[in-house]
Amino acid sequence: MLSDNTKSYFKLHWIVFIWGFTAVLGRLITLDAMPLVWFRMLFAVVFIFIYNKFTKTSIRLPKKVILKFLVAGLVIALHWFTFFRAIKVSNVSITLACLSTGAFFTSIIEPIFFKKKIIWYEIFFGLLVVVGLSIIFKVEGNYIEGIVLALISAFLSACFAVINSKFVVNYEPKVISFYELFGGVLFFSIFLFGTSSFNSEFFQLSINDFLYLLVLSSVCTAYAFIASTSIMKFLSPYTVMLTINLEPIYGILLAVLIFKEKEQMSPTFYFGALLILITVVLNAVLKAKHKPN
């Protein structure tokens, strides 16, 4: 029989693989980025609400706390919007390569947010990431809009991670997730209503899009979030942090296998992407050495 640690390790890789598949689903779904994110969040809210009911988890919280969660939901909603928009205007490989910079945006934001000292090796790694990005910019000039959107998405993801790091100390992750996703739906609904985007065409989904959205919202969003919190009982932060950094690799490999020539990039692009990914992994290793497991 496998130990709890071994089972959790395999489960973690499965979760990271699922997150890597998110970008592929974003490419397969024919909806524009805005309705795609709106439906994803709406379906995920329903799934997490049902899960909370099933586990008899109370979602009652002070109004001030709920308001904070709702605002954080706007941040994650904008992150997903720019993420899927980047995929639509470029491709999965470019989006995931640029999204890898999120760890270094966090390195800049976290010291400011928590008033910590900036670590020297993070500055060095940040420069390496800039080099990797400059290589990608140089060889993939046709995808500048996608690169910029992916970088904005990475920045928003870093902001969300820093904000959420304070929330999870005092509140249930599944309750936080419910309100944050609901907040994303709420703010995007106000925008869509204000721009008269809610019409019969908006709610017309093909069977394929509907099925892909169900997988995206249930497996890649609701399930992956809840499962990722449970494995923290058995695995060290170092193991989790290092494994999550494999997400872009899984995503790029899946994209190449599924979309073939549409995702095949120049060798120079892969060199730039590899430089970013190696830098992210090295950053995770050094962080783990300076923190207790």
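The preceding data block contains the structure.
A quick note: this is a predicted structure, and the numbers were derived from the prediction, not measured.

Q: Help me understand the overall build of the chain in this model?
A: The number of helices and strands found in the chain is 12 helices and 0 strands. Burial status across the chain gives 48% buried among its 293 residues. Expressed as a percentage of contacts within the chain between residues at least 6 apart in sequence, the contacts between residues at least 24 apart total 89%. Accessible surface computed for the chain: about 15,200 Å², of which carbon and sulfur atoms make up 70%.

Q: Got a minute to help me understand unusual backbone geometry in this structure?
A: What you tend to see is this: most non-glycine residues have negative phi, and most peptide bonds are trans. Located in the positive-phi region is Lys-56, a residue other than glycine, with phi close to 55 degrees. The topology assignment puts Lys-56 in the loop between helix H2 (33-54) and helix H3 (63-89). In this structure Lys-56 comes out as exposed when scored by relative accessible area, which is 77%. The backbone of Ser-196 sits at a positive phi, close to 55 degrees, despite the residue not being glycine.

Q: Where do I start with helix H8 (residues 173-194) in this structure?
A: Think of an α-helix as turning once every 3.6 residues; residues three or four places apart then point the same way. Under the 1.5 Å per step criterion, the end-to-end length of H8 is 31 Å for 22 residues, consistent within 8% with the ideal 32 Å. One or two positions beyond H8, positive phi appears at Ser-196, with a value near 55 degrees.

Q: Quick question: what am I supposed to make of a nonpolar patch on the surface here?
A: There is a patch of nonpolar side chains on the surface, built from Trp-14, Val-215, Val-219 and Tyr-223 and spanning about 330 Å² of accessible area. Structurally, Trp-14 can be placed in helix H1 (residues 4-28). The class for Trp-14 is partly exposed, based on a relative accessible area of 44%.

Q: Looking at this structure, how should I read the environment of Phe-167?
A: Turning to its location among the elements, Phe-167 is positioned in helix H7 (residues 144-170). With sequence-adjacent residues up to four places away left out, Phe-167 is seen in contact with Lys-68, Phe-69, Ala-72, Ile-176 and Glu-180.

Q: Before we go on, may I ask you to explain the side chain of Ser-90 in this structure?
A: Note on placement: Ser-90 falls in the loop between H3 and helix H4 (92-99). Residue classification places Ser-90 among the buried positions, given a relative accessible area of 5%. Among the polar contacts made by the side chain of Ser-90, one reaches the main-chain carbonyl oxygen of Ala-86 at a distance of 2.5 Å. Setting aside its immediate chain neighbours within four residues, Ser-90 contacts Arg-27, Thr-95, Tyr-143 and Gly-146.

Q: How do you make sense of the nonpolar core when you look at a structure like this?
A: A general tendency of soluble globular proteins is for nonpolar side chains to be buried together. Core analysis: the largest hydrophobic core is formed by 64 residues, its most contacted members being Met-41, Phe-84 and Leu-216. For this core, the secondary-structure elements that each account for two or more residues are H1, H2, H3, H4, H7, H8, helix H9 (207-230) and helix H11 (247-259). No other element matches the 12 residues that H3 contributes to this core. Contacts of Phe-84, omitting those with residues within four sequence positions, involve Thr-22, Gly-26, Ala-33, Leu-36, Val-37, Arg-40 and Leu-216. Formed by 19 residues, the second largest nonpolar core is a distinct cluster that contains Ala-86, Ile-94, Leu-133 and Ile-147.

Q: What exactly am I supposed to notice about the packing of H4 against H11 here?
A: Packed helices, taken two at a time, are described by their axes: the angle between them and the distance between them. At a minimum axis separation of 9 Å, H4 and H11 run at an interaxial angle of 175 degrees. Taken as axis vectors, H4 and H11 run roughly antiparallel relative to one another. Between H4 and H11, the residues in contact are Val-92, Ser-93 and Leu-96 and Pro-248, Gly-251, Ile-252, Ala-255 and Phe-259, respectively. Split into classes, the residues belonging to the contact of H4 with H11 amount to 6 nonpolar, 2 polar and no charged.

Q: Looking at this structure, how should I read the environment of Leu-28?
A: Structurally, the position occupied by Leu-28 is in helix H1. On the basis of relative accessible area, Leu-28 is assigned to the partly exposed category, the value being 26%. Along the backbone, Leu-28 and Ile-258 are 230 residues apart, and their C-alpha atoms lie at a distance of 10.0 Å.

Q: Would you take a moment to explain the environment of Phe-105 for this structure?
A: Within the element layout of this structure, Phe-105 appears in helix H5 (residues 102-114). Linking Phe-105 and Leu-151, residues 46 residues apart in sequence, is a C-alpha distance of 9.5 Å.

Q: Got a minute to help me understand the packing of aromatic side chains in this structure?
A: We describe a pair of aromatic rings using the distance from one ring centre to the other and the angle between the two ring planes. This model, assessed by the stated rule, comprises 21 aromatic pairs. Ring centres 5.5 Å apart and planes at 85 degrees place the aromatic pair Phe-69 and Tyr-171 in the edge-to-face group. With Phe-69 in helix H3 and Tyr-171 in the loop between H7 and H8, this residue pair connects regions lying 102 residues apart in the sequence. Accessibility expressed as a relative area gives 0% for Phe-69, which makes it buried. Owing to a relative accessible area of 28%, Tyr-171 belongs among the partly exposed residues under this scheme. The structure contains a cluster of three or more aromatic residues connected by ring pairs, namely Trp-38, Phe-39, Phe-43, Phe-198, Phe-202, Phe-203 and Phe-210. It is Arg-40 that lies over the ring of Trp-80; its NZ or CZ is 3.9 Å from the centre.

Rules and cut-offs
- Residues numbered from 1 in each chain as written.
- Predicted model: local features only at pLDDT ≥ 70, side-chain atom pairs only at ≥ 80, totals over all residues.
- Heavy atoms only, no water.
- Helix = DSSP H or I, 4+ residues; strand = E, 2+ residues; numbered from the N terminus.
- Buried < 20%, exposed > 50% of the residue type's maximum accessible area, 1.4 Å probe, protein only.
- Contact = heavy atoms within 4.5 Å.
- Areas by Shrake-Rupley, 256 points an atom, 1.4 Å probe, with all protein chains shown as cover.
- Expected span 1.5 Å × (residues − 1).
- Patch = residues over 30% accessible without salt bridge, like charges linked within 9 Å, V, L, I, M, F, W, Y side chains within 5 Å.
- Salt bridge = Lys/Arg side-chain N within 4 Å of Asp/Glu carboxyl O.
- Polar contact = N/O pair within 3.5 Å; in protein donor to acceptor, adjacent residues only side chain to side chain.
- Core = buried A, V, L, I, M, F, W, Y, C linked by side-chain atoms within 4.5 Å.
- Axes fitted to C-alpha atoms, helices over the stretch in contact; angles between N-to-C directions.
- Parallel < 35°, antiparallel > 145°, perpendicular 65-115°, else oblique.
- Nonpolar A, V, L, I, M, F, W, Y, C, P; charged D, E, K, R; others polar.
- Phe/Tyr/Trp six-rings, centres within 6.5 Å; stacked < 30°, edge-to-face > 60°.
- Lys NZ or Arg CZ within 6 Å of the ring centre and 35° of its normal.

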